Structures are given as C-alpha cells and as structure tokens.
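# Reading the structure
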Amino acid sequence: MSAPNKSYDPVEVEALKPEEIERMRDEALAAFAAADSLDALHEAKVAHTGPASPLALANREIGALPPHAKADAGKRVGMARGAVNKALAARQSELEAERDARVLVEEAVDVTLPHDRVPAGARHPLTTFMERVADVFVSMGYEIAEGPEVEAEWFNFDALNFTPDHPARQMQDTFFVEGPEGDRGESGVVLRTHTSPVQARSLLDREPPVYIVCPGRVYRTDELDATHTPVFHQIELLAVDEGLTMADLKGTMDHMVQSLFGADMKTRLRPNYFPFTEPSAEMDMLCYVCKGESVGNPDRPCRTCSSEGWIELGGCGMVNPRVLVACGVDPEKYSGFAFGFGIERMLMFRHNVEDMRDMVEGDVRFTRPFGMEI
Ligand SMILES: [Zn+2]
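Residues numbered from 1 in each chain as written. Predicted model: local features only at pLDDT ≥ 70, side-chain atom pairs only at ≥ 80, totals over all residues. Heavy atoms only, no water.

Here we come to the nonpolar core. Counting 45 residues, the largest nonpolar core has M256, M285, F339 and F341 as the members making the most contacts within it. Those elements that place two or more of their residues in this core are α5 (125-138), β6 (231-241), α8 (246-261), β8 (277-286), β9 (310-319), β10 (335-342) and α10 (343-350). The element that contributes the greatest number of residues to this core is α5, accounting for seven residues. In this structure F339 touches F137, I235, E236, L237, L249, T252, M253, M256, M283, G315 and C316, once residues within four positions along its chain are discounted. Grouped together as the second largest cluster of nonpolar side chains are 23 residues, F157, V240, V319 and Y334 included. (Core = buried A, V, L, I, M, F, W, Y, C linked by side-chain atoms within 4.5 Å. Buried < 20%, exposed > 50% of the residue type's maximum accessible area, 1.4 Å probe, protein only. Helix = DSSP H or I, 4+ residues; strand = E, 2+ residues; numbered from the N terminus. Contact = heavy atoms within 4.5 Å.)

Set out below in structure tokens:
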C-alpha cells in the first residue's frame, strides 16, 4: 500500500500501477466466469465490486496522486471497473437464463395427467343397460311402472293365475317373508320372484289402454354360482288394448332387438307354457354375432350361440284372460301381450361375461371397461 501525500510519483502508489489494475480486473473477470450459481456470483460481486474490493480501494488512492497523474490513473481504473461491471452483468443474465430454463423443466406441469386422481364413481352396467332397454319402450310411448320387492303372495302368484296348488308355484323357489295364514287362506308375503306382479298392480291402478314396462330386482332361492344369483334383474313389458294380437307382440320384440343389437336382427317364437299367458312362447333372437351363419358351418363356429344361430331371450305370450279378469279388465273387449327377460343373462351374452358372480361382486376391474356412464 502506498502512503498518500508523501510522493507525487504515481509509480509509488502500488495499487495504481497499470499491471496491478489489470491484475485486479482479470481476477474479477475470472471470479465471475468461475461462479456457477447466482449465489456464487453474488459473493464474487461483493469481493470484486464492493466498497472493500481492490478496485474500489484503488479508486480511492487516485485522490492522493498529483494532478497530472490523476487523469491517467482515473481513466485506467474507470476502464477496469467498467469492464468488470459489464462482465458481471453478462454473467448475471447468463446464470439467470440458466436458472429460468431449469425451473421450466423442473416445475413443468404435465397437462396430460388426470386432473382428478380420485376416480368419479359410475353406475353399474346392469343399471345402465336396464335403463337402455327401458328407453327403447319409453320411446314407443310406454310408461315405466314399479312395484314393491316385498310383495303379497296374491300379486306374485294368485293374480297371475298360479292357483294355490298350481304346480307352476313349484317351478319357482320362493323366499317367503310370511307364510299364508293356514286355513283362512290369506295371502302370505314373499320376495317377488318375477316383475310380473307389477303388471297386476298396474292393471288394477289404470284403465286400459295400458302400455307399461317394469324393470326391477327379483329374488329366488338359488345359490350364487357362475350362472345363477339369488338376486337378479328382470324387465317385463305389458300392453293391454283393444285388438292386440301375437303379431303386435312379435313386432314389438323385433323392434327391441333391432334397437339394442342392430337393424338386421329378428326374433322367433317357440311354443311354451306360462300360467299368466295363453298362448305362451319362448322368445329367441337371432345370434347378433354370427347372424345364424354358424349353423351347419363347422368352419365358422360361434361361441356366443354355440353355433345354434339363435339365443334364448325370455318368455312371452298373450295375457291369459283369467289374469285380465283377476285385475278387473274385460277380456271380451281387451286383449294384451306380455314378455320379460333377465337383464343379467342379456348383459352376459351382449358383453361376453362368463361368470355371473363378476356382476355382483362390485369389483371395479369388472365395471371399468363398461365406461363411466353416469
Ligand atoms: Zn352365433
């Protein structure tokens, strides 16, 4: 360090020697270049441009120089400080740009991620499918009718022409909630074994013409296995009007399968027996996969219909006049048709579900492929 005011020779002021000033400048430039973060650069900035930095101290020494030397020294120090400040600003913006680029990568938001990690629930495919079937009839002007699941035995059996000793009562294994009151012959209470009691209730409630569709849960004492469940769903249809015939029944069923499976679908009837319809028939629909082409064609076997060409859907027929009478409808004036089928079975072959238990166990891995239909 020099001793101010003792000499007028600028060479004696060590800090102001040109090579010293160059060294201070180069040290500062090297320190800035070596700073690899904004924090490190800030430290270098304090060390090389702050009030205690070599160049700042050298600047102060200028005052000690003789007047003719001040200009030269001032110019050298000023140029050095200018270069240092410029290098500092350049490095500062370089490091800031690097930081901004890094932040963009590190804090980037992946807009393709699901916005909601908790999946919203959806209704069960049985429910949505049952409503889709009901919609086919609603679009034809049918009303949806509902009835209790705990049903009077009279509605479940008697009104539908199942007499107390009718062998058909044994056809269905029934959950009895209350047995009939012995000798008095009063009606017991059952879990309904089919949706047909809603037909009887609707006929008692309404004046013909009646066009209703009844979707709902029904109960039978079956064990749960791959093809049976004690609780399942049926959809049943009833039309009572003047002049209805089997042709109206057939046309309505054709329309239903065409709405659900495609325009080239059709149905066929096979004679059968049910107490509440006369005549009664089993309803088959054309196999919607092979359209019957697998029949007698071993090269094109069809798993859906076992190469039979037809799939059994459910029972149907003209409403038995006894049922009309039991419900207060004049069978001389009115006739009607009815049919019903199981929703589970239809969902099974429509979507190749092989085990009925999958539908009742509530596992989302089963329901998810059906889509989150609300
Ligand atoms: Zn087929």
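What follows continues from the structure just given.
For the rest of this paragraph, the subject is α5. The terminal C-alpha atoms of α5 lie 19 Å apart, and with 14 residues this matches the ideal 20 Å at 1.5 Å per residue to within 8%. Every buried residue of α5 is listed here: P125, L126, T128, F129, M130, V133, A134, V136 and F137. (Expected span 1.5 Å × (residues − 1).)

This brings us to the side chain of H48. Inspection of the secondary structure assignment puts H48 in helix α2 (residues 38-49). For H48, a relative accessible area of 16% gives the class buried. Discounting chain neighbours no more than four positions away, the residues touching H48 are E27, A28, A31, F32, S53 and V84.

This part takes up unusual backbone geometry. Residue P209 is bonded to the preceding P208 through a cis peptide linkage, with omega at 5°. You can see P209 is positioned in the loop between α7 (196-205) and β5 (210-219). The phi dihedral of N161 falls on the positive side, at around 75°, and the residue is not glycine. Relative to the helices and strands, N161 resides in the loop between α6 (153-156) and β3 (176-178).

Counted according to the given criterion, the structure contains eight aromatic pairs. Arranged with centres 6.1 Å apart and planes meeting at 65°, the rings of F137 and F339 form a pair that is edge-to-face. Linking F137 in helix α5 with F339 in strand β10, this pair joins segments that are 202 residues apart in sequence. Given the relative accessible area of 2%, F339 is considered buried. When the centroid spacing of 5.2 Å and the interplanar angle of 80° are considered together, the rings of W154 and F155 count as edge-to-face. Classification of F155 by relative accessible area gives buried; the value is 15%. An aromatic cluster is defined as three or more aromatic residues linked by ring pairs; in this entry it consists of F137, Y142, Y211 and F339. (Phe/Tyr/Trp six-rings, centres within 6.5 Å; stacked < 30°, edge-to-face > 60°.)

Strands sit in the order β1-β5-β6-β10-β9-β8-β7 across an open sheet of seven strands; the sheet is mixed. The sheet is open, and its two edges are formed by β1 (143-144) and β7 (267-274), each paired on a single side. Where β7 lies against β8, seven bridges are found, and the strand directions are antiparallel. Counterpart to P271 in the pairing with β8 is A281. Most of the contacts of α5 go to β6, to which it runs at about 5°, and overall it touches β1, β5, β6 and β10. (Pairing = 2+ DSSP bridges. Axes fitted to C-alpha atoms, helices over the stretch in contact; angles between N-to-C directions.)

Turning to the environment of L237, a few remarks are in order. In this structure, L237 sits in strand β6. Sequence separation between L237 and H68 is 169 residues; the distance between their C-alpha atoms is 117 Å. Once residues lying within four places of it in the same chain are set aside, the contact partners of L237 are F137, Y142, Q199, I212, V213, F337, A338 and F339.

Distances from the zinc ion to its protein donors, C287 (SG), C290 (SG), C302 (SG) and C305 (SG), fall within 2.2 to 2.3 Å. Because the angles between the four donor atoms bound to the zinc ion fall within 105 to 114°, the donor set is best described as tetrahedral. Site description for the zinc ion: donor spacing in sequence, C-x2-C-x11-C-x2-C. Taken together, the residues span a long stretch of sequence, with C287 in the loop between β8 and β9 and C305 in the loop between β8 and β9 at a distance of 18 residues. C287 gets classed as buried once you look at its relative accessible area, which sits at 0%. Its relative accessible area of 5% is what places C305 among the buried residues. (Donors = N, O, S within 2.8 Å, 3.2 Å for Na, K, Ca; no water. Tetrahedral: all angles 85-135°; square planar, octahedral: opposite > 155°, others 65-115°.)

A few words on the packing of helix α1 (residues 18-34) against α2. To characterise two packed helices, one gives the angle between the axes of the helices and the distance between these axes. Here α1 crosses α2 at 170°, and the two axes come no closer than 9 Å. On the basis of the axis angle, α1 is roughly antiparallel to α2. Contacts from E27, A28, A31 and F32 in α1 reach L41, A44, K45, H48 and T49 in α2. Residue classes in the contact of α1 with α2 are distributed as five nonpolar, two polar and two charged. (Parallel < 35°, antiparallel > 145°, perpendicular 65-115°, else oblique. Nonpolar A, V, L, I, M, F, W, Y, C, P; charged D, E, K, R; others polar.)

Our focus in this paragraph is helix α4 (residues 67-106). Taking 1.5 Å per residue as the helical rise, α4 with its 40 residues ought to reach 58 Å, and the 58 Å between its terminal C-alpha atoms agrees with that figure. Among the residues making up α4, those that are buried are A69, A73, V77, A80, V84, L88, R91 and L95. Among the structural elements, α1, α2 and α3 (54-61) are those in contact with the buried residues of α4.

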